[in-house]
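Spelled out from the first residue to the last, the chains are:
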Amino acid sequence: MSQRGRRRRRRTYTLQVLWIVVAILATVGLIIGYKLGVKENDTDLNSVVNAAEHPTQIVVENTATPVPTLEPTTEPTVTPTVTPIPTATPTPEPTPQGPYQVYEGDKQDETQNGEVVTPTGEAEKPTEEKPEKTQKMIALTFDDGPYPPVTERILKLLKDNDSHATFFVMGNRMDTYPDTVAQAFEDGNQIGNHTYSHKDLSKLNASDIAYEVEHSNELINKNAAVGDAYLRPPYGAKNDTVRSAVKVPMICWSVDTLDWKSKDKDAIYKEIMDNVKDGDILLMHDLYPTTADAMEKVIPELIRQGYKLVTVQELLEANGITPEGGTVYYNAR
Ligand code: NI
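Residues numbered from 1 in each chain as written. Predicted model: local features only at pLDDT ≥ 70, side-chain atom pairs only at ≥ 80, totals over all residues. Heavy atoms only, no water.

**Here we look at the coordination of the nickel ion**
Donor atoms from the polypeptide that coordinate the nickel ion comprise Asp 144 (OD), His 194 (NE2) and His 198 (NE2), at 2.1 Å from the metal. Binding-site remark: the nickel ion is held by donors from one chain whose sequence spacing is D-x49-H-x3-H. With Asp 144 in the loop between strand 1 (136-143) and helix 3 (148-160) and His 198 in the loop between strand 3 (190-193) and helix 5 (206-223), this pair connects stretches of sequence that are 54 residues apart. Under the relative-accessibility criterion, Asp 144 is labelled buried at 0%. You can call His 198 buried: its relative accessible area is 1%. (Donors = N, O, S within 2.8 Å, 3.2 Å for Na, K, Ca; no water. Helix = DSSP H or I, 4+ residues; strand = E, 2+ residues; numbered from the N terminus. Buried < 20%, exposed > 50% of the residue type's maximum accessible area, 1.4 Å probe, protein only.)

**Things to note about helix 4 (residues 178-186)**
For helix 4, the full list of buried residues reads Thr 180, Val 181 and Ala 184. One face of helix 4 carries all of its buried residues, which in axial projection span an arc of 95°. Exposed positions of helix 4 whose direction lies more than 90 degrees from the buried face are Asp 179 and Glu 186. Buried residues in helix 4 make contact with helix 3, strand 2 (166-169), strand 3 and helix 5. In the stretch just after helix 4, Gly 188 is the one whose phi turns positive, near 100°. (Arc of directions from axis to C-beta. Contact = heavy atoms within 4.5 Å.)

Written out as C-alpha cells, the structure is:
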C-alpha cells in the first residue's frame, strides 16, 4: 500500500475513533444533565412548597387561586457537539438542607392540641379475641412526598420485603411526579391525601379546608384511582371545623419517628424499636435520604420480630375497625 493510502486509512480510522468518543461523551452528558435537571427541579419544588409554610413568606391570597403548579422539568437538551465532560464521578444525593427543614415534621397532635385521645373502635366492644388475626400488624406511613430519590428507594425496600405502606402525598406534587405515585399504588401501597399545599387546616375556614382536601384528591386520582383518599392533616392539626368539613377518615399516628428532626438513621431505628407495638401507625417523611437509610434496617427487623407491614386501611380492617369520614384514627387498638 502506498504511503498516501496508509495515511488516508489512518485518517479514516482516527475519524471513527473520534466519533465513538463523541458519542460516549454525549451519552454521559445526557445522563448527568438529566440527573442535574431532576435535582434542580426538586429544589425548586421544595422551596415553593415550603414558601407556603413560612409565615414571613405567606401571601394572603384567595384560595380560588392555587399555588402555581410547577412545570415538570423537561429533559435538558444536550447537543452532541457541546459535551459536558464529567470530571468526577457523580456524587450521591446531598443531604437536603434548608428547604427540607421547614415542614418541621408533623407535630404530635395529641399534645399539640391538648386533646384527650379516645381509642377508637375496639375499646368500646366487649373484649373478644379475633381469631382471624394471628399476626402482629403495623402501618408505616410516609408524608410530604413523593420525592423520587427517597420514595423510590422505599418502594423497592417494601417490594423486596413483601410489605406495604401508606404514602400521604402532596397534591401540588402530583403533576411533577405522576409516575412515582402511580408506581406506589400499583405496588399495592395505599395512597393518602396530605392536602394540596400543606396548610394548617385548623386555621382555615370550611370552604378553604374543602379546597385543600378536595383539589388535592382530584389531582391524586389523575395518577392513582384511589377514590376518596384518607386524609392526614398537616401537623396533625384539626378542630371541629376540620372534622365537619372533612368527609374522609383522618389518620394520625401513634409512633412519631422524628425522622425530620434527627435526620439520623440510627436515631430513627431506635425511636421505632423502643416504641413499636401491635396496631401502631408510624409517622415518617419520604423527603429525607436518612429515612430511606433507616428503612433498610427497620423493615427487615420489624418482620423478624413478627410484624406484618400493611397499609392503614388493612390495619384498621384487620382490627375490626370500619373507618368513618371525619373521624380521627391514631392506631388500630
Ligand atoms: Ni407533612
